[in-house]
Amino acid sequence: MKYKVETIKLTSFTRHAEEVKDRIAVAITKFEEEGVSAGNCMETFNVCSDLRMEVNQLSSITSWLRIQGKHNRLPAFRSVSTEVIEEYNRMELTLKRKLACLEEYEFNEVLKAEGMSDYILLTEEWRRSNEAAKEEEDLLNDLQVDGLKAWGDFYHTYIGKLSVPFHEKRMSVGQVLQLRSDPCEKIRRESFYALENLWKEEGDVINRILNHSIGFAGKQSKRLYEMNRYQTSLRNNRVQDISVQAMWERVDAYQPVFRAYLNAKAEWMGKSRLAAYDFWAPISIEKSTFTYDEAVSFILIQFGKVSQELKVFAEDVIEKGWIDAENRPSKSFAASCIHFPKTRESRVNLSFDGSFTNILTLAHELGHAFHNEQLNGEQGLHQTPPLPLAETSSIFAELAVLEGAMQEWTDPKDRLFLLDEKLKLSVMNFLNIRSRFVFERAFEEERERGFIEIDKTDFIMRQAWEASYQGSLVDPPSRFWALVPHYYMTNSPYYNYPYTMGYLISLACIAKGKQEEEGAGVDFRLLLKNSGKDTIENLVRRYFEEDIATADFWEKGLEECAEDVREFTYLVNLLGEN
């Protein structure tokens, strides 16, 4: 199967989907009749791996159409791909049940079979996951399409069709959001409150979506797995709660340092406290605008200083035209990278506005694409890494751009600009993402007691802001929950702590590269290549010889970021005196 993503016709898409469904039906029959044994387990998992890639390819095409704003074509494609996903899930359930029915000695024989070493973790997970009654699991699988998944799809479609009145024009949410880093304070302020007004008008609908998606997912997790959504997230991400809590413990201890950065930036801007709409403001007007070609050239130069492989890969992606950077109203407002595993391609979407922040966004998505490239050639069941590692490569790419630029921009004002851009990443990961985690935990706990009215949702959001920022931002948006797409990604609960984990693991990669003559390239590529095969604890232990269940690992990255704050504050005082 080989067709061009951008011009795929529904007829060929449907034909391919029917072929995949037929193959899934054959596999289900075979699994039902033969079960799983040491003699057929490798063949069984290879069949599942290939079908997983086929299904992910179809799903990626549907996602790309949504991201591109092809709303007229999307429903037909989504209907076709959803049917295939349902059948694939049914096939996996069949296999999980067969594994669960094995006697202990039979299961051990499967684990010891030739070629099964890479599947041991997955096989054990699948055997443990089949604790629900067959009828309930089948029913909930059938309800996914018009239940949980439908709420997530509805959110993204709904937001994609909204328009915002701004300066006698109507703009998409994404286009207005892009103005947050505009050099002009008036534009930043007006665009910020234009979105705030939009959420006042649309908040009731979005609050209902949030209630039903989290409510559905919470009941499903408890009924099937006797877990809450957070515990399900930990399981899905192959990470232990003790590791996440060790990270948050150190992050919380360092929060005053990053609030000090916000106060120093406010001082630089001549304000007593930083307004929420000023957070993304560039420090330097001269460095605030780039053409797309300048941005691409800048990224490639900086990539080359950290990893030649990353640079060469990015050049290839650009040459093949896999980046859609056009700023148009119909597109999804969220930058993204979609992997097409069967054709070994990635597509990057963003609305490029010329800001340095947007350069980092492009680098971030190219980092995702680089990760996808390392996964190409792996079995399909190993091509879905835990989210913290999915974010490691992307954040590494951002840091590569910043680290490279810092080597050549030696003027104090230029260095202040770069430190500001880097510290925005730190604040996002240590304060903003922390507040998102606090909000989601509190909202889920409250939702267990019943439907949450919009005023209560706003209150939970304000409490989450206060827990992290403690007044260091003026007027943070109480309806930030309406804007964060991760809350509505129904297959990825708690898509927040993975960013902070990925950020700190990325910093460890950069530090490891500085310490070793050969750099981080070889280990980094192997980390990405194997990211879908093991737990995060085991992978970090293997490649860094560190234990993420203790505070020490997280402390190192936090201390490096704290040093950035100290230098930023020093330069603010130095340059402010001149």
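Because the structure is predicted, anything quoted here is derived from the model rather than measured. (Residues numbered from 1 in each chain as written. Predicted model: local features only at pLDDT ≥ 70, side-chain atom pairs only at ≥ 80, totals over all residues. Heavy atoms only, no water.)

Undergrad: How would you sum up the overall build of the protein chain? Please name residues and give values.
TA: Within the protein chain, the regular secondary structure consists of 22 helices and 7 strands. In terms of overall size, the protein chain behaves like a compact globule, its C-alpha atoms giving a radius of gyration of 24 Å where 578 residues would be expected to give roughly 25 Å. For the C-alpha atoms alone, the extent of the protein chain along its principal axes is close to 80 × 55 × 45 Å. Here the protein chain holds 578 residues, and the buried ones make up 60% of them. (Helix = DSSP H or I, 4+ residues; strand = E, 2+ residues; numbered from the N terminus. Rg over C-alpha atoms; globule rule 2.2 N^0.38 Å. Buried < 20%, exposed > 50% of the residue type's maximum accessible area, 1.4 Å probe, protein only.)

Undergrad: Mind laying out unusual backbone geometry, listing which residues take part and the relevant values?
TA: In this model, R238 sits at a positive phi of 50°, which is unusual for a non-glycine residue. With respect to the helices, strands and loops of the structure, R238 is situated in the loop between α10 (229-236) and α11 (241-268). When its relative accessible area of 13% is taken as the criterion, R238 is described as buried. The backbone phi angle of E545 is positive, close to 55°, even though this residue is not glycine. Within the element layout of this structure, E545 appears in the loop between α21 (536-544) and α22 (551-577). Residue classification places E545 among the exposed positions, given a relative accessible area of 70%.

Undergrad: Please provide a residue-by-residue account of the sheet that holds strand β6 (residues 345-349), values included.
TA: The strand order across the open sheet formed by 3 strands is β4-β6-β5, and the pairing between neighbours is mixed. Whereas interior strands pair on both sides, the edge strands pair on one side only; in this sheet they are β4 (323-324) and β5 (336-340). For β5 and β6, the ladder comprises 5 bridges, and the chain directions are antiparallel. Each residue of the ladder has a partner; that of H339, found in β6, is S346. (Pairing = 2+ DSSP bridges.)

Undergrad: Outline helix α14 (residues 356-375), supporting the account with residue identities and numerical values.
TA: With 20 residues, α14 ought to run about 28 Å at 1.5 Å a step, and its terminal C-alpha atoms sit 29 Å apart, in line with that. α14 sits mainly inside the fold: 19 of its 20 residues count as buried. Within two residues after α14, G377 carries a phi angle of roughly 100°, on the positive side. (Expected span 1.5 Å × (residues − 1).)

Undergrad: Give a detailed account of the packing of aromatic side chains, specifying residues and quantitative values.
TA: Counting across every chain of the model gives 36 aromatic pairs. Among the aromatic side chains, those forming a connected cluster through ring pairs are Y230, W248, F437, Y494 and Y497. A cation sits over an aromatic face here: R180 above W280, 4.2 Å from the ring centre. (Phe/Tyr/Trp six-rings, centres within 6.5 Å; stacked < 30°, edge-to-face > 60°. Lys NZ or Arg CZ within 6 Å of the ring centre and 35° of its normal.)

Undergrad: Residue-level account of the confidence of the model for the protein chain, with values.
TA: Of all residues in the protein chain, 93% have pLDDT values of 70 or greater, and the mean over the chain is 90. Taken together, the stretch residues 518-522 has pLDDT below 50 and engages in 4 contacts with residues farther than four places along the chain or on a different chain. (pLDDT = per-residue confidence, 0-100. Contact = heavy atoms within 4.5 Å.)

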